[in-house]
Amino acid sequence: MAGQPCPIGRAADVLGDRWTLLILRSITAGTTRFDDLHDDLGVSTNALARRLAGLVGAGVLTKVPYRDDHRTRHEYRLTEAGADLLPVLHALARWGENHTRSDRRTRPMKVVHAVCGAEMPFGDHCPRCGRTVARTELTWLRPWRSAVPVPLAEPVHD
């Protein structure tokens, strides 16, 4: 319910379903175009369009125009509000690693400090080199997708 006093309830109104969280995960990992999101997630086009519109309306994503071969289209990029969800995605990943199991045998997801290669715990200080780690220095290693860590998408600054 919009406008309710509880900030958890307001956040749940924006983020409270599986597809929304998976869309944010994919966009954070650099997948920004509708067709690529559709292929990555396997969600119906109607559900994807609805969730994207809701995230744009909530100020979590913004639409950025680009040209393909024949027309102008839009990609979906994180806003500052969307980028601020990174600790939430990390908390969900850690919770999922600790309290759920995959059907496939795979190594866990890791958040890696790209500068020194250390696995990052919660927080923004690297346990290996002691630096305060900027978002631009973080990568995600998702071994079930690739052995190569992917840098996180940067937000669009208005």
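Just so you know, these numbers come straight off a predicted model, no measurement behind them. Residue numbers here run from 1 along each chain, matching the order of that chain's written sequence. Two thresholds apply to this predicted model, a pLDDT of at least 70 for residue-level local features and 80 or more for giving and counting side-chain atom pairs, whereas whole-chain, interface and lining totals are computed over all residues. Just so you know, side-chain values use all the structure's heavy atoms and leave hydrogens and water out.

Draft legend 1. View of the overall build of the chain. Of the regular secondary structure elements, the chain holds six helices and five strands. Put simply, the chain runs from its N terminus to its C terminus through helices and strands in the order α-α-α-α-β-β-α-α-β-β-β. Put simply, the radius of gyration uses C-alpha atoms, and a globule should come to 2.2 Å times the residue count raised to 0.38. For the chain, whose C-alpha radius of gyration is 17 Å, the value lies close to the compact-globule estimate of 15 Å for 158 residues. When the 158 residues of the chain are sorted by exposure, 34% land in the buried category. We call two residues in contact when some of their heavy atoms are within 4.5 Å. The long-range fraction of contacts in the chain, counting pairs at least 24 apart against all pairs at least 6 apart in sequence, stands at 47%. Accessible surface, the chain: about 9700 Å² in total, of which carbon and sulfur atoms supply 53%. In the chain, 22 side chains carry a positive charge and 18 a negative one; their mean positions are 5 Å apart. Every helix listed is a DSSP run of H or I at least four residues long, and every strand listed is a run of E at least two residues long, numbered separately from the N terminus. Three labels apply to residues, based on accessible area from a 1.4 Å probe with only protein chains included: buried if under 20% of the type maximum, exposed if over 50%, partly exposed otherwise in between. With residues, only the protein chains shown are counted as cover, and all accessible areas are computed by Shrake-Rupley using a 1.4 Å probe. Residues counted as positive are Lys and Arg, residues counted as negative are Asp and Glu, and His and the chain ends are not counted. For this purpose, a charge sits on NZ of Lys, CZ of Arg, CG of Asp or CD of Glu.

Draft legend 2. Representation of the pattern of salt bridges in the model. By definition, a salt bridge exists where a carboxyl oxygen of Asp or Glu is found within 4 Å of a side-chain nitrogen of Lys or Arg. In total, this model carries eight salt bridges according to the counting rule given. As a salt-bridge pair, aspartate 17 and arginine 51 come within 3.1 Å of each other at their nearest N and O atoms. Here arginine 51 lies in helix α4 (residues 45-57) and aspartate 17 lies in the loop between α1 (7-15) and α2 (18-28), a separation of 34 residues in the sequence. Note on aspartate 17: relative accessible area 27%, which makes it partly exposed. We note a salt bridge from aspartate 68 to arginine 73, for which the minimum N-O separation is 3.6 Å. Since its relative accessible area comes to 28%, aspartate 68 is described here as partly exposed. Relative accessible area serves as the criterion here: at 22%, arginine 73 is assigned to the partly exposed category.

Draft legend 3. Here's a closer look at the packing of α2 against helix α3 (residues 34-41). The angle between two axes is taken between their N-to-C directions and runs from 0 to 180 degrees, where each axis is a line fitted to C-alpha atoms and a helix contributes only its stretch in contact. Contact pair α2 / α3: the axes reach a minimum separation of 11 Å and the direction vectors enclose 115 degrees. Both α2 and α3 take part in a crossing whose hand is right-handed. Mapping the contact onto sequence places Trp19, Leu22, Ile23, Arg25, Ser26 and Ile27 in α2 and Leu37, Asp40 and Leu41 in α3. Polar here means any residue outside two lists: the nonpolar Ala, Val, Leu, Ile, Met, Phe, Trp, Tyr, Cys and Pro, and the charged Asp, Glu, Lys and Arg; Gly therefore counts as polar. For the contact of α2 with α3, the per-class residue count stands at six nonpolar, one polar and two charged. In a left-handed crossing the near helix is turned counterclockwise from the far helix by less than a right angle, and in a right-handed crossing that turn is clockwise.

Draft legend 4. Highlighting α4. In this model, α4 (13 residues) spans 18 Å end to end at C-alpha, consistent with the 18 Å of a helix rising 1.5 Å per residue. Every buried residue belonging to α4 is among Ala47, Leu48, Leu52 and Leu55, and all of these are buried. The buried residues of α4 occupy one face: seen down the axis, they fall within an arc of 125 degrees. Turned more than 90 degrees off the buried face of α4, the exposed positions are Asn46, Arg50, Ala53 and Gly57. A helix is expected to span 1.5 Å for every residue after the first. Each direction from the helix axis to a C-beta atom contributes to the arc, which is the arc of those directions.

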